[in-house]
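Reading the structure
Listed here are the chains, written in short residue letters.
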Amino acid sequence: MRKLEIDRLTKRYFVEREGREVLALSDVSLSVADGEFMAIVGPSGCGKTTLLNIVAGLLPYDVGTVAIDGKKIAGAGVDRAVVFQHASLLPWRTVAGNVRYGMEMQKRFDRAAMTERTGYFTTLVGLEGFERHFPSELSGGMQQRVNLARALASDPSVLLMDEPFGALDAQTRELMQAELLKIWTAAQKTVVFITHQINEALYLADRVAVMSARPGRVTGIFEIPFERPRPLSLKRDPRFLAIEDAIWQLVEETSAAGAAEVRTAK
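Description of the structure in this document. Computed from a prediction, not measured in an experiment: that's the story for all the values here.

Here the structure, examined in full by the defined rule, presents 5 aromatic pairs. With a centroid separation of 6.1 Å and 55° between ring planes, the pair formed by F165 and F193 is classed as tilted. Linking F165 in the loop between β7 (158–162) and α5 (170–187) with F193 in strand β8 (residues 190–194), this pair joins segments that are 28 residues apart in sequence. F165 sits in the buried class, given a relative accessible area of 3%.

Turning to the sheet that holds strand β9 (residues 207–211), a few remarks are in order. Spatially, β6-β7-β8-β3-β9-β10 is the arrangement adopted by the 6 strands of the open sheet, whose pairing is mixed. Both outer strands of the open sheet, β6 (80–83) and β10 (218–223), are each paired with one neighbouring strand and no more. Going across the sheet, the axis of each strand differs from the next one's by a mean of 20°, ignoring polarity. As paired strands, strand β3 (residues 37–41) and β9 are joined by 4 bridges and run parallel to one another. Looking across to β9, one finds that I40 is bridged to A209. Against the sheet, helix α4 (residues 140–153) contacts β6 and β7, and its axis sits at roughly 175° relative to β6.

The 4 strands lie next to each other as β2-β1-β4-β5, forming an open sheet whose pairing is antiparallel. A single partner strand is all that each edge strand has here, and the edge strands are β2 (20–33) and β5 (71–72). Inspection of the sheet shows strand β1 (residues 2–15) paired to strand β4 (residues 63–68) by 5 bridges, in the antiparallel sense. Following the sheet pairing, D7 is matched in β4 by T65. Against the sheet, helix α1 (residues 48–56) touches β1, β2 and β4, its axis set at about 115° to β1.

On to the packing of helix α3 (residues 111–124) against α4. The axes of two packed helices give the description: the angle between them and the distance between them. Where α3 meets α4, the axes come as close as 9 Å, and the angle between the chain directions of the two elements is 140°. Relative to α4, the element α3 lies oblique. Viewed along their axes, α3 and α4 form a crossing whose handedness is right-handed. On α4, the residues touching R117, F121 and L124 of α3 are A149, L152 and A153. Looking at the contact of α3 with α4 residue by residue, the classes come out as 5 nonpolar, no polar and 1 charged.

Our focus in this paragraph is unusual backbone geometry. In this structure, the amide linkage connecting R214 to the following residue, P215, adopts the cis form with an omega of 0°. Within the secondary structure, P215 sits in the loop between β9 and β10. Cis geometry marks the peptide bond from R228 to P229, where omega comes out at 0°. Among the structural elements, P229 can be located in the loop between β10 and α7 (238–265). A positive phi angle, near 60°, is found at D155, a position not held by glycine. With respect to the element layout, D155 can be found in the loop between α4 and β7. Phi at E163 is positive, roughly 50°, even though this residue is not glycine. Within the secondary structure, E163 sits in the loop between β7 and α5.

Calculation criteria
- Counting starts from 1 at the beginning of each chain's written sequence and moves along it residue by residue.
- Whole-chain, interface and lining totals are the exception, using all residues; otherwise, since this is a predicted model, local features are given only for residues with pLDDT of at least 70 and side-chain atom pairs are given and counted only at 80 or more.
- Where side-chain values are given, they derive from all heavy atoms of the structure, hydrogens and water being excluded.
- Aromatic pairs are defined between Phe, Tyr and Trp rings, using the six-membered ring for Trp, whenever the two ring centres lie within 6.5 Å; interplanar angles under 30 degrees are classed as stacked, those over 60 as edge-to-face, and all others as tilted.
- Secondary structure elements follow DSSP: runs of H or I no shorter than four residues count as helices, runs of E no shorter than two count as strands, and numbering proceeds from the N terminus.
- When accessible area is computed with a 1.4 Å probe and restricted to protein chains, residues below 20% of their type maximum are described as buried, those above 50% as exposed, and intermediate ones as partly exposed.
- Paired strands are those between which DSSP finds at least two bridges.
- For helices, the fitted axis covers only the stretch in contact; all axes are lines through C-alpha atoms, and the angles between them, taken along N-to-C directions, range from 0 to 180 degrees.
- We call two residues in contact whenever any of their non-hydrogen atoms come within 4.5 Å of each other.
- The labels follow the angle: roughly parallel below 35 degrees, roughly antiparallel above 145, roughly perpendicular from 65 to 115, and oblique for the rest.
- Two helices cross in a left-handed way if the nearer one is turned anticlockwise from the farther one by less than a right angle. They cross in a right-handed way if the turn is clockwise.
- All residues other than Ala, Val, Leu, Ile, Met, Phe, Trp, Tyr, Cys, Pro, Asp, Glu, Lys and Arg, Gly among them, are scored as polar; the first ten of these are nonpolar and the last four charged.

Structure (structure tokens):
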């Protein structure tokens, strides 16, 4: 069953200081199944974050449709939650207070339900015992765990993740990838995950979509054949490395084609 359907999506920006229009996304089509983990990779500036923000309902678009469960989206909604690169926690709230925040804003959970869900998702992301700590008392990885728990607690049907581990050190990032798969398995959410790291996409996802240089288009989709659960040692498997090389090659080809197109346009 398709959870998210993006059909022939086009997005343009008007750059006021240059007095010209920029085509950010062109004819993007992508479907994500219910419960699927979809990763999107591509060169910098290809429109990955723009696409995610459109799906989140944070940006309008010009042509095409975006639908969840067959219903066209019209702005932000409780069926979606976004996890950004930076945790953006409220510094005056504790871990528990930050996890509750999204539920409080939605006003669709009673006090007992919020308390129960706060406890459950705080434990799920591995922060049991830290409920009374403030963000300044947490490491970067722990802050992102709070960010993830806050998003999950609001019970979205689609979780949108924009480079959520991009600000972490390499070791913490690897550990958070493994933890995310455990959390995703338990939470059973549909995930769209944006990343610049191809091996991260390959390790996490059921499928990896590759976008071209601007204007962003989907140039290929790779089915990831590895069973779950996936140990981090999978990244050293020759089969894993072969798929990683194939994705890299497509990214490089589309980047070169995009650069040539820009030069021609000038």
